Amino acid sequence: MSEIPAKATESEDPSEGARAMATDGLASAVGGALAADGVQPGDAMWQSSPPGSIYDYIKVASFSIGPDGLVDQWSLRAEHLFGIPADRAVGMDPIETFIDPRHRERGMRKMAEILDGREWTGVVPFRMPTGAEGECGSEGLAEVYVMPTRTEDGEKAAVCIVVDVRTLRSIETDLAASQAIFGQSPFGFLLIDPDLRVRRVNHRFASIFGGSPDDHRGKGVHDYLQRGEAERVAATLRRVLETGSSITDMHVTGFVPGSDERRHWSVNLYRVHSGSGRPIGVAWLGIDITARRAAAREAAAARRNLALLNEAGARIGNSLDLETTARQLLDVVVPGFCDLATVDLYQGLLVGDETPPGLADGSGELRRVAFASAVSDAPFAGTGVPVAVGAVHHYPFNSPCADALRTARPQTVPGEDGGLVQSTLAVPMVAHDTVVGLVQFARTKGSEPFGDRDRDLAVELAARAAVCIDNARLYRREHERALILQRSLLPPGDPEASGLDIACRYLPGNANTGRPSEVGGDWFDVIELPGHRTALVVGDVMGRGLRAAVAMGELRTAVRTLAQLDLEPAEVLSQLDEIARGLGAPGGVQQATRAARRPREADLSEVYLATCVYAVYDSVTRRCTFANAGHLPPVLVEPGESALMLDVPPGLPLGVGGEPFEEVEVELPEGALLALYTDGLVESRDHPLDEGLQAFVSTLSDPSQPLEDVCDHVLNTLDTHHGEDDIALLMARVQGLPTESVGDWTLPREPRSVGRAREYARAQLLSWDMEPLVDTTELLVSELVTNALRYGEGEIRLRLLLDRTLVCEVWDSGLVQPRRRRARDTDEGGRGLQLVGLLSAAWGSRRTPRGKTVWFELPLPGGETSLTDPAEALLSLF
């Protein structure tokens, strides 16, 4: 082939010249790119273009025209561009074949000029030739570069290079669109080559990291990110280059020049290919998500704080125990909110003082009630010397903790150098405008420091716990007061009774579980009656709390009063029933009785119900009379026999009314064991009443042991740790009055019986070695027998009983009770009962089934109570 000229030597019109200049510019740009890659423009024709060159994107074809103006050579690219194989194209007239008939004449002239040896460059519209089936070919637009040449014979010919203009324009459009997207994107856009070097960046990226886009060419990820983060990103870029897998929303952390603020970006990576499919780099699209991350952290912190508050509301305050409530607070905050925490409460508040000293200035004594740690088991020393749980301490006046207690405002305490704690929040616990203690939240070094949101959360948590602790404190105070009231209403010490060995136990509800609860209405009592008789009482007011304790106290007082009247057990319960109904009525018993006769709806909140067993034991006859008001039956264990429940008819509970109570009299053998109890001993949620009663009866298998040991055995064997109800247990072993300690005589109704009574009394006292009591006893016996002769009926009975005291009883069939009156100075009589009252320790009268009994009691010689001189007593009457 002949030499090819570098440019056209002639052009017909200005537009064609401009296109020629554009073509020359493209050639120059390609030459410059080759030179940049180390390839000289003169050597370009000898280089084999690698895949991905510009010729992979544009359609370029060549063919030659012979001297006759017909195609004599047809390249493979021409076949691809025009769709005509070489065997068909060779010999075609290009003007006749590809040019529209309207432009053929002009085309013929150009062909003649070309064959005359002139170069030509221009844009030519063309159309594909008609196919074999007669269909019309498609039209196109081509830029043609025609270069004259000569054949081997020296004839003039031409070589034509054809470029598809539409493909070029498409490339121009794509380049413009790519430039617009790359340059105008609001996100950081980078093109990274296979060597992980920046090939190109947009203005957005350059505005963030400084400089112009060209200043970033050739830089690597290590120039922008710290070492660890840069290595992670570089490994990800290599993986994208190797696998072609895209990466979406990869979070990258770093810093921008001139700022110490940590920035966060969301990066999308994808591999970029050439037209031939060869990877040429990785595209990087980064979005600054620092603000979004901060907002997400704020939202997460808000959700975490809300969840913490919800957990605190659910867990704190479930118990009315101060220490338990404090531990519940620490269980919530460690380790979710802080690493270490302590709770200090004012010592004065814990012991019941309303205004402990030092409360105003923060120097009062505090007790550390709770400590929790997620990193260490030892109390931390973030605010001074370590304090153990349970220890009493106080903070110095100028310390931050004392200032927090004094001002009721939280204080931040920085950690000590070399210590474990980074910072501590000292938050006062304020409830109802009163500071009850201090809670400290500490975070160790390496943790996130406390912020304003953390401070607000700590104040809220401390306030919630403070209210619960204050409620627990108030409840504990009221519970202790109610418990003191309840215990004050029970018999003090160990009760004593004539002819009985007594042992008793009382356990308030939850006493064994460590949890405070409301007091109950269980009670028991041992009441000494005249004639060495004893009343045994066990009762249970339904309900709990101070109301039940007060009702129990009123009923117990009423029982003791009625017992002193020496009423029968059934009559005592009847009177108690009236009193119980009167407790719920504003006007008392009579108002309650009138109201019961009128139809009305009962107010259950004002109804007082109670169960009670009342038993009277006579130590002389060893007989015991029982009456039951809806209570559990007594248990009796006779020597050598199994325990059994006495069949005492259970009447209605006290406060119901309307039904009389029945009595049952039982003779108790010597050494027998009698047990009275409340339902808390034999009933709980886990053990039905029947099972509890059987278990209780089975525990009394060895009644010969000391009563104290029997009580302990019963409480240790049965389920007494449930804490659901109070437990009252009263046990008595029968020890009847010996026969030799009883003197009993029947006297005829005649005047000489007075002297005979004095003789019987003197002889009996001398046989008992009670000579100091002879004169007083003779005088008082004479008075009582004289009254029986004068005012009584039927035969007279005299009985002397010796036990812890001396009791003298005079029986007759008269129903009129003696009445003591003050005699005037001029009266000759009327001073007998006054004399009995002066000389005896106690005296009285009681009704019997067949009349009445008048009695008096004298203390034994050598006892705590001294005898009254009869002479002084007689003189005091005048």
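**Here we look at the overall build of the protein chain**
Working step 1: Per the secondary structure count, the protein chain includes 22 helices and 31 strands.
Working step 2: Across the protein chain, the fraction of contacts at a sequence separation of at least 24, relative to all contacts at a separation of at least 6, is 61%.
Working step 3: For the protein chain, the exposed area adds up to about 44800 Å²; of that, 51% sits on carbon and sulfur atoms.

**Quick notes on the nonpolar core**
Working step 1: In this structure, Trp523, Leu536, Leu576, Tyr614 and Leu730 are the most contacted members of the largest nonpolar core, which totals 56 residues.
Working step 2: In terms of residue count, helix H14 (residues 546-564) provides more of this core than any other element does, 8 residues in total.
Working step 3: In this structure leucine 536 touches Leu500, Ile502, Asp525, Val526, Val613, Tyr614, Ala615, Leu674, Leu676, Leu730 and Ala732, once residues within four positions along its chain are discounted.
Working step 4: Counting 47 residues, the second-largest nonpolar core is a separate cluster that includes Leu322, Ala341, Ala370 and Ala426.

**Some words on a negative patch on the surface**
Working step 1: A surface patch of like charges, here negative, comprises Asp68, Asp72, Glu152, Asp153 and Glu155.
Working step 2: Mapped onto the fold, aspartate 72 is located in strand S2 (residues 71-74).

**As for the pairing of strand S26 (residues 727-734)**
Working step 1: Taking burial as the measure, the 8 residues of S26 include 8 buried ones, the bulk of the element.
Working step 2: Of the two faces of S26, the one carrying Ile727, Leu729, Met731 and Arg733 and the one carrying Ala728, Leu730, Ala732 and Val734 are both buried.
Working step 3: When strand S25 (residues 673-677) meets S26, the two strands line up antiparallel, connected through 5 bridges. Its bridge partner lying in S26, leucine 674 is registered against alanine 732.

**Let's talk about the sheet that holds strand S20 (residues 610-618)**
Strand-to-strand pairing in sheets goes through backbone hydrogen bonds, with the strands running parallel or antiparallel.
Working step 1: Here we have 5 strands laid out as an open sheet, ordered S18-S19-S20-S21-S24, and antiparallel in their pairing. Where the open sheet ends on each side, the last strands, each with one partner, are strand S18 (520-529) and strand S24 (663-667). Across the sheet, the mean angle separating the axes of adjacent strands is 15° when strand polarity is ignored.
Working step 2: Both strand S21 (residues 623-629) and S24 contribute to a ladder of 5 bridges, which runs antiparallel. Its bridge partner lying in S24, threonine 625 is registered against glutamate 665.
Working step 3: Here H14 sits on the sheet and contacts S18, strand S19 (533-544) and S20; the angle it forms with S18, its principal contact strand, is near 15°.

**Considerations on the sheet that holds strand S30 (residues 842-848)**
Working step 1: Across the sheet, which stays open at both edges, the 5 strands sit in the order S27-S28-S29-S31-S30 with antiparallel pairing between neighbours. Unpaired on one side and paired on the other, strand S27 (742-747) and S30 mark the two borders of the sheet. Taking the axes of each pair of neighbouring strands and ignoring which way they run, one obtains an average angle of 15° across the sheet.
Working step 2: The pairing of S27 with strand S28 (residues 796-802) spans 6 bridges and is antiparallel. By the bridge assignment, tryptophan 745 is partnered in S28 with leucine 798.
Working step 3: Helix H20 (residues 774-791) rests against S27, S28, strand S29 (805-812) and strand S31 (851-859) of the sheet, and its axis sits at about 170° to S31.

**Some points on the environment of valine 165**
Working step 1: Looking at the secondary structure, you find valine 165 in helix H6 (residues 165-184).
Working step 2: According to the relative accessible area criterion, valine 165 is buried, its value standing at 7%.
Working step 3: Sequence spacing of valine 165 and valine 60 is 105 residues, and the spatial spacing of their C-alpha atoms is 9.8 Å.
Working step 4: Excluding anything up to four places from it in sequence, valine 165 contacts Val123, Leu141, Ala142 and Glu143.

**Structural notes on the packing of aromatic side chains**
Any aromatic ring pair is given by two values, namely how distant the centres are and how the planes are angled relative to each other.
Working step 1: One pass over the structure, following the stated rule, counts 13 aromatic pairs.
Working step 2: Relative to tyrosine 224, the ring of phenylalanine 205 has its centre 5.3 Å away and its plane inclined at 75°; by these criteria the two rings are edge-to-face. Of this pair, phenylalanine 205 sits in helix H7 (residues 203-209) while tyrosine 224 is found in the loop between H7 and helix H8 (227-243), placing the two residues 19 residues apart along the sequence.
Working step 3: An aromatic cluster of at least three residues, connected via ring pairs, comprises Phe63, Trp74, Phe82, Phe98 and Phe126.
Working step 4: Arginine 406 extends its terminal NZ or CZ atom over the ring of phenylalanine 397, reaching a point 4.3 Å from the ring centre.

**A look at the pattern of salt bridges**
Working step 1: Applying the stated criterion to the full structure yields 37 salt bridges.
Working step 2: Arginine 581 is the salt-bridge partner of aspartate 577, the closest N and O atoms lying 3.7 Å from each other. Of this pair, aspartate 577 and arginine 581 both sit in helix H15 (residues 569-583), 4 residues apart, roughly one helical turn.
Working step 3: Relative accessible area serves as the criterion here: at 22%, arginine 581 is assigned to the partly exposed category.
Working step 4: In this structure, glutamate 809 engages arginine 799 in a salt bridge whose closest nitrogen and oxygen atoms are separated by 2.7 Å.

**Considering the confidence of the model for the protein chain**
Close reading of the predicted structure is inappropriate where its pLDDT is low.
Working step 1: On average, residues of the protein chain score 81 in pLDDT, and 82% of them are at 70 or above.
Working step 2: Overall, residues 1-47 carries pLDDT values under 50, and its contacts beyond four positions in sequence, including any with other chains, amount to 36 contacts.
Working step 3: Confidence over residues 511-516 falls short of pLDDT 50; this stretch has 13 contacts with residues more than four positions distant or in other chains.

**Notes on the state of the cysteines**
Working step 1: Here the structure, examined in full by the defined rule, presents 0 disulfides.
Working step 2: Summary of cysteine pairing: cysteine 504 is not part of a disulfide, and the nearest cysteine sulfur, belonging to cysteine 711, is at 7.4 Å.

**Let's talk about the packing of H20 against helix H21 (residues 832-839)**
Working step 1: Two numbers describe how H20 lies on H21: the axes approach to 10 Å, and their chain directions differ by 145°. As H20 packs across H21, the resulting crossing turns out to be left-handed. Each of Thr776, Leu779, Leu780, Glu783, Leu784 and Asn787 in H20 lies in contact with H21, whose residues at this interface are Gly832, Leu833, Leu835, Val836 and Leu839.
Working step 2: Looking at the contact of H20 with H21 residue by residue, the class counts come to 7 nonpolar, 3 polar and 1 charged.

**A short note on the side chain of glutamate 809**
Working step 1: Positionally, glutamate 809 belongs in strand S29.
Working step 2: Side chain to side chain, glutamate 809 and arginine 799 meet in a polar contact 2.7 Å long.
Working step 3: There is a polar contact of 3.2 Å between the side chain of glutamate 809 and the side chain of tryptophan 811.
Working step 4: With residues near it in sequence (within four places) discarded, glutamate 809 still touches Gly531, Arg797, Leu798, Arg799, Leu801, Arg846, Thr853, Val854 and Trp855.

**Concerning helix H18 (residues 707-717)**
Counting along an α-helix, one turn takes 3.6 residues, and residues three or four places apart therefore face a common direction.
Working step 1: If you check which residues of H18 are buried, you get Leu707, Val710, Cys711, Val714 and Leu715. Seen along its axis, H18 keeps its buried residues to an arc of 130°; they face one direction.
Working step 2: The inward-facing, buried residues of H18 abut strand S17 (500-507), S25, helix H17 (689-699) and S26.

**Observations regarding unusual backbone geometry**
Working step 1: Omega for the peptide link from valine 334 to proline 335 comes to 5°, which places this bond in the cis form.
Working step 2: Inspection of the secondary structure assignment puts proline 335 in the loop between helix H10 (322-333) and strand S11 (340-346).
Working step 3: Phi angles above zero are rare outside glycine, and histidine 532 is one such case at about 50°.

**Concerning the environment of valine 369**
Working step 1: With respect to the helices, strands and loops of the structure, valine 369 is situated in strand S12 (residues 366-373).
Working step 2: You can call valine 369 buried: its relative accessible area is 6%.
Working step 3: Among residues more than four places away in sequence, those in contact with valine 369 are Glu323, Ala326, Val343, Leu345, Leu350 and Val389.

**Overview of the pairing of strand S15 (residues 421-431)**
Two faces, one strand: in a regular strand the side chains alternate between the faces of the sheet.
Working step 1: Across the 11 residues of S15, 9 count as buried, placing the element largely inside the fold.
Working step 2: The sheet contact formed by strand S14 (residues 411-414) and S15 spans 4 bridges and is antiparallel. Paired with threonine 412 across the two strands is leucine 425, which belongs to S15.
Working step 3: Taken together, the 10 bridges between S15 and strand S16 (residues 434-444) define a ladder with antiparallel strand orientation. From the neighbouring strand, serine 423 faces S16, where its bridge partner is arginine 443.
Working step 4: Here S15 folds back onto S16 in antiparallel fashion, the turn holding 2 residues, of which histidine 432 has a positive phi close to 55°.

Conventions adopted
Residues numbered from 1 in each chain as written. Predicted model: local features only at pLDDT ≥ 70, side-chain atom pairs only at ≥ 80, totals over all residues. Heavy atoms only, no water. Helix = DSSP H or I, 4+ residues; strand = E, 2+ residues; numbered from the N terminus. Contact = heavy atoms within 4.5 Å. Areas by Shrake-Rupley, 256 points an atom, 1.4 Å probe, with all protein chains shown as cover. Core = buried A, V, L, I, M, F, W, Y, C linked by side-chain atoms within 4.5 Å. Buried < 20%, exposed > 50% of the residue type's maximum accessible area, 1.4 Å probe, protein only. Patch = residues over 30% accessible without salt bridge, like charges linked within 9 Å, V, L, I, M, F, W, Y side chains within 5 Å. Salt bridge = Lys/Arg side-chain N within 4 Å of Asp/Glu carboxyl O. Lys, Arg positive; Asp, Glu negative; His and termini not counted. Charge placed at Lys NZ, Arg CZ, Asp CG, Glu CD. Pairing = 2+ DSSP bridges. Axes fitted to C-alpha atoms, helices over the stretch in contact; angles between N-to-C directions. Phe/Tyr/Trp six-rings, centres within 6.5 Å; stacked < 30°, edge-to-face > 60°. Lys NZ or Arg CZ within 6 Å of the ring centre and 35° of its normal. pLDDT = per-residue confidence, 0-100. Disulfide = S-S within 2.5 Å. Left-handed = near helix turned anticlockwise from the far one by under 90°. Nonpolar A, V, L, I, M, F, W, Y, C, P; charged D, E, K, R; others polar. Polar contact = N/O pair within 3.5 Å; in protein donor to acceptor, adjacent residues only side chain to side chain. Arc of directions from axis to C-beta.

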